[in-house]
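Chains, contacts and geometry: an overview
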Amino acid sequence: MPAGPGGESVRVLVALGGNAMTAADGSARPRDQVEAITGAMEHIAELVAAGHDVVLTHGNGPQVGNLLVKNELAAGVVPPVPLDWCGAQTQGTIGFTMLDALEPALRRRGVERPTAALVTRTLVAEDDPHFREPTKPIGRYLSEDEARPMIEHGQQWEDRGEKGWRRVVASPEPREIIDLPAIRALVEAGHIVVAAGGGGIPVVRDADGSLRGVEAVIDKDLTAALLAAALGCDILIIATDVDHAMVDYGTPDERPLGFTSLAQMQSYAASGQFASGSMGPKVDAAMRFAQTGGRSIITSLAHITDAVEHEFGTVIDTSPED
Ligand SMILES: Nc1ncnc2c1ncn2[C@@H]1O[C@H](COP(=O)(O)OP(=O)(O)O)[C@@H](O)[C@H]1O
Ligand SMILES: NC(=O)OP(=O)(O)O
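Owing to the predicted nature of the structure, the values given are computational and were not obtained by experimental measurement.

Right, let's talk about the nonpolar core for a bit. In this structure, L13, V14, I44, L56, L236 and I237 are the most contacted members of the largest nonpolar core, which totals 78 residues. Ignoring anything within four residues of it in the chain, the contact list for L56 reads V14, L16, I44, M98, I192, V193 and V194.

Below, the structure is given as structure tokens:
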């Protein structure tokens, strides 16, 4: 019998980190991406084969940053496209690559399910203060010396610790998933859906009601929290490259968080335990979904079935004292 923590089949939204779709050293050649995604889809197929109703979303930080650089470098030869177009292109590329890998992984487990990857728009506010203060790291890590000429050229880069420097771009708050009705219809019709990749293509609504893409990269974990609540998911899994969120991370006293009440997590977050641009938004998204009454789990991709069925990872839930 397929089982969630209480022995039942559950609806799970899995948000896959952009890093899970590149080689361990960050290399993003097409074959690195196909290989990483193929590995990731084995874990997804295992969760589906266990009987759970799975919806997928994914990051695009490494990919959208690389695409932006290609556009900038080729600007004298072919017309460059804006960042929101780059984001849309990553949804297409990552989406179809996920489906190509997921379908055979399901078949090997005797599961036949229709799949779909949906180009998804996410509404943001044009006056969102995050347009003025870029926070979203994208693309490759470079040394400070390599980043310096780009900074002098007007780009914003940030010291991201031991991995190096990374370009940062605007990342407005996701307000509404425009294509939610289509996602819901496909999910209810039994499809395994990949949606809202890279947090969704950021769009603003003009006075006449029409939508227009804007240059930004939305945090996919924050959109995932919105999507999970809108689809009535029981569990949001934020799958990344660490088994647990940790406190005192990177110090000799670091320790993994297991089951943690929402109130306790809020207190850790308020004391600055989770780095911005990496674990910070994951914890933020996890807390937002827990606040809607769901269960959020932050863990590594390899442990997603364990996370659903045996509460592995950092599990955030409302407990009676919350
Ligand atoms: N408190 C923390 N606990 C665990 N990991 C942390 C913490 N703070 C920062 N990190 C870093 O966050 C990374 C995961 O975030 P990120 O690289 O953005 O993942 P993804 O691409 O999977 O979305 C981990 O590899 C780890 O280096
Ligand atoms: N858009 C986004 O959040 O991508 P990453 O998960 O790759 O950072």
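Further remarks concern helix α6 (residues 220-230). Within α6, 9 of the 11 residues are buried, which leaves it mostly tucked inside the rest of the structure. Those residues of α6 not exposed but buried are K220, D221, L222, T223, A224, A225, L226, L227 and A228.

Let us now look at the packing of α6 against helix α8 (residues 279-291). Angle between the axes and distance between the axes: these two values describe a pair of packed helices. Remark: α6 packs on α8, axes separated minimally by 8 Å, with the N-to-C direction vectors making an angle of 15 degrees. The orientation of α6 with respect to α8, classified from their angle, is roughly parallel. Considering how the two elements wind past one another, α6 and α8 form a crossing that is right-handed. In contact with D221, L222, A224, A225, A228 and A229 of α6, α8 contributes P281, K282, D284, A285, R288 and F289. Counted by class, the contact of α6 with α8 contains 8 nonpolar, no polar and 4 charged residues.

If you walk across this open sheet you meet the 3 strands as β5-β7-β6, and the pairing is antiparallel. Edge positions in the open sheet fall to β5 (136-142) and β6 (157-159), since each of these has one partner strand only. Neighbour-to-neighbour, the strand axes of this sheet turn through a mean angle of 35 degrees, independent of strand direction. Examined bridge by bridge, β6 and strand β7 (residues 165-169) share 3 bridges and lie antiparallel to one another. What sits directly across from E158, in β7, is R166.

Right, let's get into the site of ligand 1. Close contacts around ligand 1 come from 16 residues, with G17, N19, Y249, S278 and M279 the closest. Residues belonging to the shell around ligand 1 are distributed by class as follows: 8 nonpolar, 7 polar and 1 charged.

Spatially, β8-β4-β10-β11 is the arrangement adopted by the 4 strands of the open sheet, whose pairing is mixed. Since the sheet does not close on itself, it has two edges, and those belong to β8 (176-177) and β11 (211-213), each with one partner. In this sheet, strand β10 (residues 201-205) lies alongside strand β4 (residues 121-123) in parallel orientation, the contact comprising 3 bridges. Across the sheet, R121 pairs through a bridge with I201, a residue of β10.

Moving on to the packing of helix α2 (residues 61-73) against helix α3 (residues 83-108). It is at 9 Å that the axes of α2 and α3 come closest, and there the two elements cross at 125 degrees. Taken together, the axis directions place α2 and α3 in an arrangement best described as oblique. Handedness of the α2/α3 crossing: right-handed. Contacts between α2 and α3 pair Q63, V64, L67, L68 and N71 from the former with L83, C86, G87, Q89, T90 and I94 from the latter. Residue classes in the contact of α2 with α3 are distributed as 6 nonpolar, 5 polar and no charged.

About the cut-offs
- Residues numbered from 1 in each chain as written.
- Chains lettered and ligands numbered in written order.
- Predicted model: local features only at pLDDT ≥ 70, side-chain atom pairs only at ≥ 80, totals over all residues.
- Core = buried A, V, L, I, M, F, W, Y, C linked by C-beta atoms within 7 Å.
- Buried ≥ 20, exposed ≤ 12 C-beta atoms within 10 Å, placed from the backbone.
- Contact = placed C-beta atoms within 7 Å.
- Helix = DSSP H or I, 4+ residues; strand = E, 2+ residues; numbered from the N terminus.
- Axes fitted to C-alpha atoms, helices over the stretch in contact; angles between N-to-C directions.
- Parallel < 35°, antiparallel > 145°, perpendicular 65-115°, else oblique.
- Left-handed = near helix turned anticlockwise from the far one by under 90°.
- Nonpolar A, V, L, I, M, F, W, Y, C, P; charged D, E, K, R; others polar.
- Pairing = 2+ DSSP bridges.
- Near = placed C-beta within 6 Å.

The values are spatial; any link to function lies outside them.
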